[in-house]
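# Descriptive analysis of the structure
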Amino acid sequence: MHPEDSFGDRAAELIRAGRFFFERGWVPATAGNFSARLDDGHVLITVSGRHKGELGPEDFLVVDLDGQVRSEGKQPSAELPLHLQLYRRDASLGAVLHTHSLSATLLSRLHRGELVLEDYEVLKALRGIQTHETRVVVPVFANDQDVPRLAARVQEYMAEHEGLHGYLISGHGFYTWGRSVAEACRHIEAFEFLFACEIELRRLGR
């Protein structure tokens, strides 16, 4: 299949996701970036600086897994290396989503190294988890404007820690992924609920 053959479908899914996330305050201003796999060698990703609640088909471009842009006159998100690291690592991934919610940003500042989520029923919304009696570790990486260097740190961590569902970047936001756009969106929604629970627990002094 030519990558352009699936461009419209994947773009439509990400447009819907952007509106859903924006309505909930998870992608303020032009924050965040979304991508979806088109075929074995190409992904669709949001163009740099676009408002995620107002995306149209023109707000996406095609890039190969080496980072070469295939859409003339468009610039990808500066965080493209973080997306490509995940697609190159796992051929089953169909989408990568990055949000900047208040809860995720605050937790990324409150925790050094990792955030642990456990004994929540909603953890079962994550791929492969069948019980609330689960301990999910969300690593927290220091923010870095050198995105390829940050992507290398994520790659190194993932090589040593299997089964990761997402990660935080300190003072920045959250990344998660899935086999499809729908699964990645489900992961975002589940994590955002869990992050909100953690913030509320801290507010209550628990």
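Let us look at the structure shown here. Worth saying up front: this structure is predicted, and the values here are computed from it rather than measured.

So, how was this worked out
Per chain, the residues get numbers from 1 upward, laid out in the order the sequence is written. Given that the model is predicted, a residue must reach a pLDDT of at least 70 before its local features are reported, and side-chain atom pairs must reach 80 or more before they are shown or counted; all residues, however, enter totals for whole chains, interfaces and linings. The side-chain figures draw on all heavy atoms in the structure; neither hydrogens nor water molecules are used. Elements are defined by DSSP. Helices are runs of H or I of four residues or more, strands are runs of E of two residues or more, and each kind is numbered from the N terminus. Relative accessibility thresholds used throughout: buried, under 20% of the residue-type maximum; exposed, over 50%; partly exposed, between the two (1.4 Å probe, protein chains only). A cavity, in this analysis, means grid points on a 1 Å lattice covering only the protein atoms where a 1.4 Å probe fits yet has no way out; a pocket is instead an open set bounded by protein on both sides within 12 Å along at least five of seven lines, and a residue lines either one if it has an atom within 4 Å of a point. Grid points are joined across faces, edges and corners, and a volume is the space filled by probe spheres set on the points. Residues are grouped as follows: Ala, Val, Leu, Ile, Met, Phe, Trp, Tyr, Cys and Pro are nonpolar; Asp, Glu, Lys and Arg are charged; all remaining types, including Gly, are polar. Note that the arc is computed from the directions linking the helix axis to the C-beta atoms. In what follows, residue pairs with any heavy atoms lying within 4.5 Å of each other are defined as contacts. Only when DSSP finds a minimum of two bridges between them are two strands counted as paired. Handedness rule for crossovers: strands pointing away from the viewer, path from the first strand over the helix to the second running clockwise, crossover right-handed.

## Quick notes on the environment of E200
- Here E200 is to be found in helix α5 (residues 181-203).
- Overall, the relative accessible area of 34% leaves E200 in the partly exposed class.
- Measuring from C-alpha to C-alpha, the distance between E200 and S103 comes to 9.5 Å, with 97 residues separating the pair along the chain.

## Brief notes about the layout of surface pockets
- Considering only enclosed or pocket space, the largest pocket measures out at about 290 Å³ in volume.
- Contributions of two or more residues to the lining of the largest pocket are made by α2 (80-89), β8 (173-178) and α5.
- The residue makeup of the lining of the largest pocket, split by class, is 5 nonpolar, 5 polar and 5 charged.
- Roughly 220 Å³ of internal volume is contained in the second largest pocket.
- Lining the second largest pocket are 19 residues; nearest its centre among them are N33, S77, A78, E79 and H172.

## Thoughts on helix α3 (residues 102-110)
- Every buried residue of α3 is listed here: S103, A104, L107 and S108. All buried residues of α3 fall inside an arc of 130° around its axis, so they share one side. In α3, the exposed positions that point more than 90 degrees away from the buried face belong to L102, R109 and L110.
- Here the buried face of α3 lies against β5 (114-118), β6 (135-141), β7 (166-169), β8 and α5.

## Examining the pairing of β7
- Burial along β7 is two-sided: the residues G166 and L168 and Y167 and I169 are all buried.
- The sheet contact formed by β6 and β7 spans 2 bridges and is parallel. Within β7, the residue paired with F141 across the bridge is I169.
- For the segment spanning β6, helix α4 (residues 147-160) and β7, crossover handedness is right-handed.
- As paired strands, β7 and β8 are joined by 4 bridges and run antiparallel to one another. Its bridge partner lying in β8, G166 is registered against T176.
- Between the antiparallel neighbours β7 and β8 lie 3 residues, among them G171 with a positive phi of about 65°.

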